[in-house]
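As a plain string of letters, each chain reads:
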Amino acid sequence: MAVEIKVPTLGESIVEATVGAWRKHEGDPIAAGEVLVELETDKVTVEVAAEESGVLSRILKPDGAVVTMGETLGFITETAAAPVAAQLHDGASGARVMATPVARRVAETQGVNIAAIPGSGPGGRVTKEDVLKREGMHRPAPADHAPPPPVSPPAPTPTPAAVSGEERREERIRMSRRRQTIAARLVEAQRTAAMLTTFNEIDMSAVIDLRKRHRDQFRERHGIGLGFMSFFTKAVIGALKAFPLLNAEIRGDDIIVKRYYDIGIAVSTDEGLVVPVLRDADRLSFAEIERGIEELARRARESKLTIADLQGGTFTITNGGIFGSLMSTPILNTPQVGILGMHKIQERPVALNGQVVIRPMMYVALSYDHRIIDGREAVSFLVRVKELVEDPERLLLEG
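What you see is a predicted model, and the numbers here were worked out from it, not measured in a lab. For every chain, the first residue of the written sequence is number 1, and numbering continues from 1 along that sequence. Local features are withheld for residues below a pLDDT of 70 in this predicted model, meaning they are given only at 70 or higher, and side-chain atom pairs are given and counted only at 80 or more; totals for whole chains, interfaces and linings count all residues. Side-chain metrics rest on all non-hydrogen atoms present in the structure, leaving aside hydrogens and water.

(A) The arrangement of helix α6 (residues 229–242) in detail. Under the 1.5 Å per step criterion, the end-to-end length of α6 is 20 Å for 14 residues, consistent within 8% with the ideal 20 Å. Of all 14 residues that make up α6, 12 are buried, and the element is covered over most of its length. Residue burial is assigned from relative accessible area. The probe radius is 1.4 Å, only protein chains are included, and a residue is buried under 20% of its type maximum, exposed over 50%, and partly exposed in between. For the purposes of this entry, the term helix denotes a DSSP run of H or I that reaches at least four residues, the term strand denotes a run of E that reaches at least two, and both are numbered from the N terminus. Here α6 has its buried residues at M229, S230, F231, F232, T233, K234, A235, V236, I237, G238, A239 and L240. Multiplying one less than the number of residues by 1.5 Å gives the expected span of a helix.

(B) Inspection of unusual backbone geometry at higher detail. That bond from T334 to P335 is cis: its omega, 5°, falls within 30 degrees of zero. Relative to the assigned elements, P335 resides in the loop between β18 (315–319) and β19 (338–342). Look at D280: it is not a glycine, yet its phi comes out positive at around 45°. As for its placement among the helices and strands, D280 is situated in the loop between β17 (277–278) and α7 (286–301). When its relative accessible area of 30% is taken as the criterion, D280 is described as partly exposed. At N353, a position not held by glycine, the phi torsion is positive, near 55°. Relative to the helices and strands, N353 is located in the loop between β20 (345–352) and β21 (355–369).

(C) Summary view of the pairing of β18. With respect to burial, β18 is a largely interior element, five of its five residues being buried. Side-chain alternation along β18 places F315, I317 and N319 on one buried face and T316 and T318 on a second face that is also buried. As paired elements, strand β14 (residues 263–265) and β18 share three bridges and run parallel to each other. By the bridge assignment, I263 is partnered in β18 with F315. A pair of strands is treated as paired once DSSP finds two or more bridges between them.

(D) A look at the nonpolar core. For the purposes of this section, nonpolar cores are sets of buried Ala, Val, Leu, Ile, Met, Phe, Trp, Tyr and Cys residues that join through side-chain atoms within 4.5 Å. L39, L73, F232, I263, F315 and F381 are the most contacted members of the largest nonpolar core, which has 74 residues in total. If you tally residues by element for this core, the top one is α6, at eight residues. With residues near it in sequence (within four places) discarded, I263 still touches T233, V236, I237, L240, P276, V277, L278, A281, T314, F315 and I317. If you look at the next biggest cluster of nonpolar residues, it comprises eight residues, including A103, I114, I117 and V131. We call two residues in contact when some of their heavy atoms are within 4.5 Å.

(E) Inspection of the packing of α6 against helix α9 (residues 375–390) at higher detail. Axis geometry follows a simple rule: fit a line to the C-alpha atoms, using only the stretch in contact for helices, then measure angles between N-to-C directions, giving values from 0 to 180 degrees. Running from N to C, α6 and α9 point in directions that differ by 135°, and their axes come no closer than 9 Å. By the angle class used here, α6 and α9 are oblique. The two elements α6 and α9 cross, and the hand of that crossing is right-handed. Between α6 and α9, the contacting residues are F232, A235, V236, G238, A239, L240 and A242 on the first element and F381, R384, V385, L388 and V389 on the second. Here the residues of the contact of α6 with α9 sort into 10 nonpolar, one polar and one charged. Angle categories: roughly parallel below 35 degrees, roughly antiparallel above 145, roughly perpendicular from 65 to 115, and oblique for all the rest. Each crossing gets its handedness from the near helix: less than a right angle anticlockwise from the far helix is left-handed, clockwise is right-handed. As a working rule, the residues Ala, Val, Leu, Ile, Met, Phe, Trp, Tyr, Cys and Pro are called nonpolar, Asp, Glu, Lys and Arg charged, and the rest polar, with Gly in that last group.

As structure tokens, then:
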């Protein structure tokens, strides 16, 4: 009896996915609960597991295929006598030979006796690779004729690149479903929003000194390090309370101002940038913010985020400084109307009380939707973030 492998429910508003990679091949034995294939959706990677034990008898949707919810991906045959693990008979000895259908077809095409090939697959099953290896090593030469001498091909005309020792190589890489979605959303943000960016710089001396004085005690008490993100998260919340239009979105002709603070934290992964959301960040302590960000980042890099983790943010913070960026113009995470960009901390000479001193400085950038946020409000918001970070004690009152 064959059991269908179907595309599961992918999440709210997600109707299709791309087959990322099959973990198993046709003919492989399968245990119930074992992951068979990964599906890439717009936001997360979904693992499809076997509902029954048996043999993966057929794959209908190969890597790269676009599938919809409920569509059949392949079949599992519950009995060991599945056609995929076909039992072939050697005509001379009558011995049974276990081989995959692909191996059988290749052997028939090449005229190779599959019964004479030792199998390297599970249970001694003959695989396609076994047949190809055997066929290449033992192809018989004509009986009455010596093999013809090798013919040297004419030397190719050297191209300018070959003469200079350079290689003119090209590589085609299929964009993942997540990368396609990222590209589409970035273009949409630039097309639909009147996006503008304002800049400022922050003296990080006070935060660095505070972290240095309390770092060991904080880790001992809370079991996690005290990073910069918790300070900026608190500062952003304080500024959002003072300038609530930065915590809004546009729906038709209405402005929806949100009185809660779900802060998106941009995380870089091998698949691209994702923005999981730290819920009710205004109610969290510094330690809770640090733990929440660490957990979201870990799950993002392990492709274990759920759809709910990525939905509903009200404002986003991104930190290009961890990669060495000194300044950038972050793109809005629509439908949000504001995003704060942090950058690398670098010692620079600054004028302070009539003297030139060296201070650890960070450039910060605020991109905003000019349709509902005026320049005065955007600049004032960024100045408030600067004031709160430069005077961390105020975060306890305003953050």
